[in-house]
Amino acid sequence: MLDRIGELRSEVEAAIAASQATGDLEEIRVRYLGRKAELTTILRGIADLDPAERGPVGKAGNEARGALEAQLARRREELEAGELGERLAGDRIDVTLPGSPVAPAGSLNLLMRTRREIEDVFTGLGYRVMEGPEVELDYYNFTALNHPPGHPARMAQDTFYVDPGSLAPGIEPPPGPEDVLLRTHTSPMQVRAMEAQPPPIFIVVPGRTYRSDPFDATHSPVFHQVEGLAVGEDITLADLKGTLDAFAQAIFGPERETRFRPGFFPFTEPSVEVDVSCFACGGSGRLQSGERDPLCKGAGWIEILGAGMVDPNVYGFVASHGYDPERVQGFAFGMGIERIALLKHGVPDLRKFFENDVRVLEQFR
Ligand code: PHE
């Protein structure tokens with residue numbers, strides 16, 4: 001029995017020495033040290049041996065087993081190191097090189113970038129960003145915004161109306177043919193947002209808007225606005241001023257001021273047109289050369305948006321949603337994203353935003 005153990009040991013040592021790959025070692029392990037291997041069987045049968053044989057056989061068997069396991073482990077390390085070296089040599093890829101061909105990096109259209117900048121300013125002030133439908137009901141676009149019947153903005157030369165028969169199947173067309181339209185401003189979301197959430201409410205609503213306008217340097221039948229709405233119990237015109245100052249400074253520079261001029265919108269009372277002090281001439285209306293500043297046309301101020309205190313009549317349409325006209329008050333504002341982007345970046349023609357000429361877009365990364 002001892003001789004047999006010695007034989008097995010030499011046999012396995014030879015096999016380990018001859019092995020060329022880690023896979024060979026696994027085969028050797030199973031064959032000579034596995035559950036059904038001869039050495040394992042010998043060790044398991046020790047109890048059946050003559051008592052005099054048990055000690056020496058057990059000792060020799062266990063020693064052989066331990067020695068062989070150690071040799072297997074050592075040889076495995078050697079082979080693994082060699083195999084890794086071979087793989088690395090065969091896989092010579094420099095992962096730090098750029099792909100081939102170099103992938104062109106895209107960039108956002110200046111309109112989208114401007115929209116996001118505006119959103120960032122207002123989310124920083126605690127506002128939430130909401131979106132709403134572009135195909136809108138007359139009720140939200142006009143009626144609930146206190147546009148009296150016969151208001152000129154309702155007329156077809158300003159508003160695109162939608163043929164209810166063209167609506168997707170499953171969408172219930174409302175009663176009158178004049179009732180579905182492409183929203184002419186983002187203001188309908190004032191009403192939808194108040195229906196969806198009780199006061200206090202602080203939201204901005206960016207999105208596409210439509211008017212039956214020509215497509216020229218300063219007009220487009222599709223354009224973009226950002227609406228703002230802040231309603232609570234004690235929000236005043238002074239809060240509107242402070243908010244718009246913060247906005248103008250974030251977008252046009254820390255030196256900017258705003259001024260209010262009287263304006264009119266059916267859904268705000270009082271209404272204001274808001275100007276920002278000109279960032280080209282610093283508000284003086286004159287360039288350093290003494291020439292009249294062409295950007296503000298010498299006025300020192302540039303109109304950027306419309307705003308006002310929400311008209312109590314508008315709350316009347318959402319009174320059942322917690323907006324008691326006797327209790328709540330607040331402000332709304334609306335700005336054109338094209339206008340902000342044109343002014344800020346000196347783009348001479350609004351059509352540049354929509355043509356997607358890469359040479360133009362690349363300038364605004
Ligand atoms: N909706 C108005 C427009 O498109 C802008 C506006 C919004 C004015 C909110 C006052 C308050 O001209």
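The numbers attached to residues start from 1 for each chain and follow its sequence in the written order. Local features in this predicted model are restricted to residues whose pLDDT is 70 or higher, and side-chain atom pairs enter the listing and the counts only when it is 80 or higher, whereas totals over whole chains, interfaces and linings include all residues. The side-chain numbers reported here are obtained from all heavy atoms of the structure, hydrogens and water having been left aside.

Trainee: I'd like a rundown of the domain arrangement of the chain, residues and numbers included.
Mentor: When cut into domains, the chain gives domain 1 (2-90) and domain 2 (110-364). Where each domain starts and ends follows an automatic or database-derived domain assignment. Between the C-alpha centres of domain 1 and domain 2 there is a distance of 82 Å.

Trainee: A description of the pattern of salt bridges should follow, citing residues and the corresponding values.
Mentor: It is possible for side chains bearing opposite charge to pair when their charged atoms get close. What counts as a salt bridge is simple: a side-chain nitrogen of Lys or Arg found within 4 Å of a carboxyl oxygen of Asp or Glu. Within the structure shown, the criterion is met by 23 salt bridges. Arg9 is the salt-bridge partner of Glu13, the closest N and O atoms lying 3.5 Å from each other. Of the two residues, Glu13 and Arg9 are both situated in helix H1 (residues 2-18); the distance of four residues between them amounts to about one turn of the helix. Across the pair Arg115 and Glu119 runs a salt bridge, and its minimum N-O distance is 2.9 Å. In this pair, Arg115 and Glu119 are both assigned in helix H5 (residues 110-124), four residues apart and thus about one turn of the helix distant. The exposure classification of Arg115 matches that of Glu119, with both residues buried. Beyond isolated ion pairs, a larger network of salt bridges with shared partners links Arg259, Arg261, Asp275 and Glu303. Segments assigned H or I by DSSP are reported as helices when at least four residues long, segments assigned E as strands when at least two residues long, and all are numbered from the N terminus. Think of it in three bands: with a 1.4 Å probe and only protein chains considered, a residue is buried below 20% of the maximum accessible area for its type, exposed above 50%, and partly exposed in between.

Trainee: I'd love a proper account of the site of the ligand, names of residues and values included.
Mentor: His185, Ser187, Arg211, Gln225 and Glu227 are the nearest of the 14 residues found near the ligand. We define a polar contact as two N or O atoms separated by no more than 3.5 Å, with the added condition that, inside protein, one atom must be a possible hydrogen donor and the other a possible acceptor, whereas residues neighbouring each other in sequence contribute only through side-chain atom pairs. For the ligand, an oxygen atom lies 3.0 Å from a polar atom in the side chain of Arg211. At 3.0 Å, a side-chain N or O of Gln225 approaches an oxygen atom of the ligand. When the free accessible area of the ligand is taken as 330 Å², the share hidden by the protein chains comes to 89%. Where the shell around the ligand is concerned, the elements lending two or more residues are strand E5 (222-232), strand E8 (301-310) and strand E9 (329-336). Being near a molecule or strand, for a residue, means having at least one of its heavy atoms within 4 Å of it. Here the accessible surface of atoms and residues is derived via Shrake-Rupley with a 1.4 Å probe, and residues count as covered only by protein chains that are part of the display.

Trainee: Give a description of the packing of helix H2 (residues 22-33) against helix H4 (residues 51-90) that names residues and reports values.
Mentor: For any two helices packed against each other, one specifies the crossing angle of their axes together with the interaxial distance. In this description, a line fitted to the C-alpha atoms serves as the axis of each element, helices being fitted only across the stretch in contact, and the angle between N-to-C directions of two axes falls anywhere from 0 to 180 degrees. Interhelical geometry of H2 versus H4 gives an angle of 165° and a closest axis separation of 9 Å. Taken together, the axes of H2 and H4 lie roughly antiparallel to each other. Pair H2 / H4 crosses with left-handed handedness. Every residue of H4 that contacts H2 at Thr22, Leu25, Glu26, Ile28, Arg29 and Leu33 is listed here: Arg65, Leu68, Glu69, Leu72, Arg75, Arg76, Leu79, Glu80 and Glu83. For the contact of H2 with H4, the class distribution of residues is six nonpolar, one polar and eight charged. With respect to orientation, any angle under 35 degrees is reported as roughly parallel, any angle over 145 as roughly antiparallel, any angle of 65 to 115 as roughly perpendicular, and every other angle as oblique. The hand of a helix crossing depends on one turn: near helix anticlockwise from the far one by less than a right angle means left-handed, and clockwise means right-handed. Any two residues whose heavy atoms approach within 4.5 Å at even a single point are treated as in contact. Nonpolar residues are Ala, Val, Leu, Ile, Met, Phe, Trp, Tyr, Cys and Pro. Charged residues are Asp, Glu, Lys and Arg, and all others, Gly as well, are polar.

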